[in-house]
Protein chains: 2
Amino acid sequence: MTSLSSMSFSESPLSTAAVEAAEALYGELTHDIRGVLDVAIRTRVEESRVAQARQLIQQATQILAEDAPPEPAGIHYNADGRSWNWGNAVVGVRNAIAPPVVLSWSDDDLVSSDVDLGVAYEGPPGCVHGGVSSLLLDHLMGETASNRHTQLIVTGTLTLRYVHPLPLGRVHMEGRITAMSGRKVTVAAHIRPADSDVPAVEANGLFIIPRWADAESVTGSLD
Amino acid sequence: MTSLSSMSFSESPLSTAAVEAAEALYGELTHDIRGVLDVAIRTRVEESRVAQARQLIQQATQILAEDAPPEPAGIHYNADGRSWNWGNAVVGVRNAIAPPVVLSWSDDDLVSSDVDLGVAYEGPPGCVHGGVSSLLLDHLMGETASNRHTQLIVTGTLTLRYVHPLPLGRVHMEGRITAMSGRKVTVAAHIRPADSDVPAVEANGLFIIPRWADAESVTGSLD
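All values reported here derive from a predicted model rather than from experimental measurement.

**Student:** Describe in detail unusual backbone geometry, supporting the description with residues and values.
**Tutor:** Each neighbour pair has its own omega, and for A:Pro99 with A:Pro100 the value is -15 degrees, a cis peptide bond. Among the secondary structure elements, A:Pro100 is positioned in the loop between strand S3 (83-84) and strand S4 (104-105). Residues other than glycine seldom take positive phi values, yet B:Asp109 does so here, at roughly 70 degrees. Here B:Asp109 is to be found in the loop between strand S4 (104-105) and strand S5 (111-117).

Next comes the structure, spelled out in structure tokens:
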């Protein structure tokens, strides 16, 4: 059985400047891939045009594969304390599946994010997939439970109540720690349309500080 | 506030043969986009090669945008009873975010799926994002609750227990209806590595048959 430990993270010799340059370079590539992913859902162009588009995408894939180790991106940090998880399915700046979500911490410890969810996040017609809401809330809540990345946590249980459909478009989500006791951190959160005060999905989560985290310097959410 | 109704679905004049031809044509395009999405997370090629890859992807996007209405894909069905939701974030054959999941119904009403989750589904290093497990389980459970698409359901509540980390790679998930009472359908499910019997995430869901579904011929999951 797989287990996580501090060995799951790797300290990297990359400087913070090098990390940021890489995020800019590959982030723009990922932005372009989000674009083709979106239009591919909607396009009605005919077979010969599809064939041309496929050829171009295959050529791009070949170029990028010239130097591409098979391993997942993982989570890395450097001596400055800068960390990065480029492949993360929610916040990864190099992962076109991720919107990506960008989180904000307010002075009163509310963690929030506004994010545009396009046609690639659809479930019910014109609405955000219920599982996408749970994906995004799970991540936001894990980061919330990490208490500004001062403690390493893993998800214990997550409960979601689906109250209203959530239309595609700009959404707002926010979470807050509601209790801390020993190794347990409780978080409440919701997601809603950015232009409404009515939650579409409400969530409660119980997060755990694993024993192996005690002696380690690594902190954050293990989502 | 958005609400769903039978108007959310649209009957299409497309023949089943035309639907299947479109799924083949655009499904191959989507397959190629999954490929470039995956390698873009892993690539280390230098700036000039990234620029070339971006140019190719932008050209492909332009071609596909020549005829691409802005609307999301929605859910459609034809007079044969064939339905399709090409943009769905979990099962959409035209959505590169979707693995896509393909579900199987066994004789004893177990709904299951085996799916390969590559580096784009990462959360903890080398592992499936906890929120991705909830995304996939939410969808499988909704389809399970639809009782082989004989009833239209929406998600009420979903509870997930994270028991073990789930390594990236081939995973198995399965769900089953555990109770039905009035408008409520209860489903239990789990996800685990395909080569293990030990669940990584266990889930229970309560699904609701909406009142507006009573008079309608449309059935299935509204995920």
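There's more to say after this.
**Student:** Kindly report on the interface of chain A and chain B, identifying the contributing residues and their values.
**Tutor:** Chain A puts 86 residues into the contact, and the matching count from chain B is 86 residues. With both chains or domains summed, chain A and chain B bury close to 8,000 Å², and 66% of this area falls on carbon and sulfur atoms. Among the ionic pairs, A:Arg49 bridges to B:Glu66, the shortest N-O distance being 2.5 Å. Inspection of the region where chain A meets chain B yields 43 residue pairs in polar contact (both at pLDDT 80 or more). Of all elements in the fold, only helix H1 (16-42), helix H2 (47-64), helix H3 (130-145) and strand S6 (152-162) of chain A reach the threshold of two or more residues within the side of chain A that touches chain B. Among the elements that line the side of chain A that touches chain B, the one with the most residues is H2(A), at 14 residues. Among the residues making up the side of chain A that touches chain B, the classes are represented as 46 nonpolar, 25 polar and 15 charged. Across five bridges, the pairing between S6(A) and strand S6 (residues 152-162) of chain B is antiparallel. Residue A:Thr157 lies in a different strand from S6(B), and its bridge partner there is B:Arg161.

**Student:** Any chance you could break down the packing of aromatic side chains for me, citing the residues and the numbers?
**Tutor:** Residues and elements named next belong to chain A. Considering all chains together, one arrives at two aromatic pairs over all chains under this definition. Considering the side-chain rings of Trp 84 and Trp 86, the 6.0 Å spacing of their centres and the 35 degrees angle between planes classify their relative orientation as tilted. Residues Trp 84 and Trp 86 agree in their burial class; the two are buried. The residue whose ring lies beneath Arg 94 is Tyr 26, and the NZ or CZ to ring-centre distance is 3.8 Å.

**Student:** Describe in detail the sheet that holds strand S2 (residues 75-77) of chain B, supporting the description with residues and values.
**Tutor:** All names here are of chain B. Read from one edge of the open sheet, three strands run S1-S2-S3, paired in mixed fashion. On the outer flanks of this sheet lie strand S1 (9-11) and strand S3 (83-84), each paired with one strand and no other. Two elements, S1 and S2, share three bridges in a ladder whose sense is parallel. Paired with Glu 11 across the strands is Tyr 77, a residue of S2.

**Student:** Describe in detail H3(A), supporting the description with residues and values.
**Tutor:** Residues and elements named next belong to chain A. In this model, H3 (16 residues) spans 22 Å end to end at C-alpha, consistent with the 22 Å of a helix rising 1.5 Å per residue. When you tally the buried positions in H3, you get 16 out of 16 residues, the bulk of the element. Asn 147 lies just past H3 and shows a positive phi near 55 degrees.

**Student:** An account of the relation of the copies chain A and chain B is needed here, citing residue identities and associated values.
**Tutor:** With an RMSD of 0.0 Å, the fit of chain A onto chain B corresponds to turning through 180 degrees and sliding 0.0 Å along the axis. Expressed as an axis order, the relation between the two copies is that of a two-fold axis. Residue A:Thr159, judged by its C-alpha, is the member of chain A lying nearest the rotation axis, at 2.2 Å. Most of the interface of chain A is mirrored in chain B: 100% of its interface residues are interface residues there too.

**Student:** Can you break down the side chain of B:Arg42 residue by residue, with the values?
**Tutor:** Following the sequence through the fold, B:Arg42 ends up in helix H1 (residues 16-42). There is a polar contact of 2.7 Å between the side chain of B:Arg42 and the side chain of B:Asp38. B:Arg42 has contacts with A:Asp67, A:Ala68, A:Pro69, A:Pro70, A:Glu71, A:Arg94 and B:Val119, leaving out every residue within four places of it along the chain.

Definitions and limits used
Residues numbered from 1 in each chain as written. Chains lettered and ligands numbered in written order. Predicted model: local features only at pLDDT ≥ 70, side-chain atom pairs only at ≥ 80, totals over all residues. Heavy atoms only, no water. Helix = DSSP H or I, 4+ residues; strand = E, 2+ residues; numbered from the N terminus. Contact = heavy atoms within 4.5 Å. Buried area = accessible area lost by both parts, 1.4 Å probe. Salt bridge = Lys/Arg side-chain N within 4 Å of Asp/Glu carboxyl O. Polar contact = N/O pair within 3.5 Å; in protein donor to acceptor, adjacent residues only side chain to side chain. Nonpolar A, V, L, I, M, F, W, Y, C, P; charged D, E, K, R; others polar. Pairing = 2+ DSSP bridges. Phe/Tyr/Trp six-rings, centres within 6.5 Å; stacked < 30°, edge-to-face > 60°. Buried < 20%, exposed > 50% of the residue type's maximum accessible area, 1.4 Å probe, protein only. Lys NZ or Arg CZ within 6 Å of the ring centre and 35° of its normal. Expected span 1.5 Å × (residues − 1). Least-squares fit on C-alpha atoms with pLDDT ≥ 70 in both.

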